[in-house]
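# Secondary and tertiary structure notes
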Amino acid sequence: MRSIDLGSWQAALSTLLGVALFALVGIGIRLLLMFTVQHRRERMNRQINERLKLLIAAYKTLGGSFTGNLLVDPRHMRDFREEGAEGPGMGWERRRQIRDAVEGALSDILLLGTEEQVRLAARAAQNLVAGQPVQTAELVVSLRAFIRSALDLDPIPDGAVVPVQGPSRPSTTAARGKGEGRAEAGRGGGGGAAGGMGGGGMVMGMGHDPEDDPAHPTETK
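Note that this is a predicted model, so its numbers are computed, not measured.

A separate point is the overall build of the protein chain. Secondary structure assignment for the protein chain yields seven helices and two strands. Listed by position from the N terminus, the elements making up the protein chain come as α-β-α-α-α-β-α-α-α. The proportion of buried residues among the 221 residues of the protein chain is 22%. Long-range contacts, defined as pairs at least 24 residues apart, comprise 72% of the intrachain contacts of the protein chain with a sequence gap of at least 6. Summed over all atoms, the accessible surface of the protein chain reaches about 15,500 Å², with 60% contributed by carbon and sulfur.

Below, the discussion takes up the environment of Arg-148. Among the secondary structure elements, Arg-148 is positioned in helix H5 (residues 137-150). Take Arg-148: its relative accessible area is 26%, and that puts it in the partly exposed class. Setting aside its immediate chain neighbours within four residues, Arg-148 contacts Leu-153, Asp-154, Pro-155 and Ile-156. Engagement of the side chain of Arg-148 in a polar contact is seen with the backbone oxygen of Asp-154, the distance being 2.5 Å.

Turning our attention to the confidence of the model for the protein chain. Residues of the protein chain with pLDDT of at least 70 account for 69%, and the chain-wide mean is 78. Ranking the helices and strands of the protein chain by mean pLDDT puts helix H4 (residues 115-129) first, with 95, and helix H7 (residues 192-207) last, with 39. Predicted confidence for residues 189-208 stays below pLDDT 50, and this span has eight contacts to residues more than four positions away or in other chains. A low-confidence stretch, residues 216-221 stays under pLDDT 50, and its non-local contacts, those more than four residues away or across chains, total seven contacts.

Take the UniProt feature "transmembrane region" (unreviewed entry) in the protein chain next. Here, the residues flagged by UniProt with the feature "transmembrane region" (unreviewed entry) are residues 12-33. What you have in residues 12-33 is 100% helix and 0% strand, and the ends, taken at the C-alpha atoms, are 32 Å apart.

Our focus in this paragraph is the nonpolar core. In terms of nonpolar packing, the biggest core is built from 19 residues, with Leu-62, Val-102, Leu-106, Ile-109, Leu-139 and Leu-143 touching the most fellow members. Contributing elements (two or more residues each) for this core: helix H1 (9-62), helix H3 (92-112), H4 and H5. Considering every element that reaches this core, the biggest residue donor is H3, with five residues. Setting aside residues up to four positions removed in sequence, Leu-106 forms contacts with Leu-62, Ala-121, Ala-124, Ala-125, Leu-128 and Leu-139.

The next thing to look at is the packing of H3 against H4. Put simply, H3 and H4 touch, their axes get as near as 9 Å, and they point 145° apart. The handedness of the crossing between H3 and H4 comes out as left-handed. Residues Glu-103, Leu-106, Ile-109 and Leu-110 of H3 lie in contact with H4, whose contacting residues are Gln-117, Val-118, Ala-121, Ala-122, Ala-124, Ala-125 and Leu-128. By residue class, the composition of the contact of H3 with H4 is nine nonpolar, one polar and one charged.

There is a patch of nonpolar side chains on the surface, built from Leu-21, Leu-24, Val-25, Ile-29 and Leu-33 and spanning about 510 Å² of accessible area. Within the secondary structure, Leu-21 sits in helix H1.

Rules behind the numbers
Residues numbered from 1 in each chain as written. Predicted model: local features only at pLDDT ≥ 70, side-chain atom pairs only at ≥ 80, totals over all residues. Heavy atoms only, no water. Helix = DSSP H or I, 4+ residues; strand = E, 2+ residues; numbered from the N terminus. Buried < 20%, exposed > 50% of the residue type's maximum accessible area, 1.4 Å probe, protein only. Contact = heavy atoms within 4.5 Å. Areas by Shrake-Rupley, 256 points an atom, 1.4 Å probe, with all protein chains shown as cover. Polar contact = N/O pair within 3.5 Å; in protein donor to acceptor, adjacent residues only side chain to side chain. pLDDT = per-residue confidence, 0-100. UniProt positions renumbered as here; feature names shortened; annotations may be inferred. Core = buried A, V, L, I, M, F, W, Y, C linked by side-chain atoms within 4.5 Å. Axes fitted to C-alpha atoms, helices over the stretch in contact; angles between N-to-C directions. Left-handed = near helix turned anticlockwise from the far one by under 90°. Nonpolar A, V, L, I, M, F, W, Y, C, P; charged D, E, K, R; others polar. Patch = residues over 30% accessible without salt bridge, like charges linked within 9 Å, V, L, I, M, F, W, Y side chains within 5 Å. Salt bridge = Lys/Arg side-chain N within 4 Å of Asp/Glu carboxyl O.

Dropping the structure here:
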């Protein structure tokens, strides 16, 4: 209070201007800190949301089935050729799609999962590389517990017995629609047989891995 001089209107005005300037600087610094903290919090929330989105998708891929064969078949067409087998038999396309989807989910978990999930995903990936069937139930349980905790949901009740979960089976409607689309591409176009062959070749090049196509085995050197 000693520095405040109200002896004249000039002194009072300068004092008020000094106080106002000091308050304005303080408010500016406070707003800057608030905006910085808010921006950092929004960025963290976006990162958490993206992480949860990918882990939830991985959970659905790895644990979308309760019945049937819950193991992932790691074999490729080259494995059948090396064993001297004629072919993988019926249902190969579905097993191939499950394997590819599981590999993508494991890749996401290795990138964004917790320490336990990364360890389980790395072990599953090693089994796939070694050509051993993989069961994803333990990894699914870890993902489920983490996602429910991150979303502030209660844990699974003690009395609820959840069956062993395995990889989701590909949708038959989606496969049927893809087959119908390829058939339309083969029939469509006004370029005759050459146009049909060109369209079919493009579809096969974009949607097929020649190594996994039993109808078109690749040469191994």
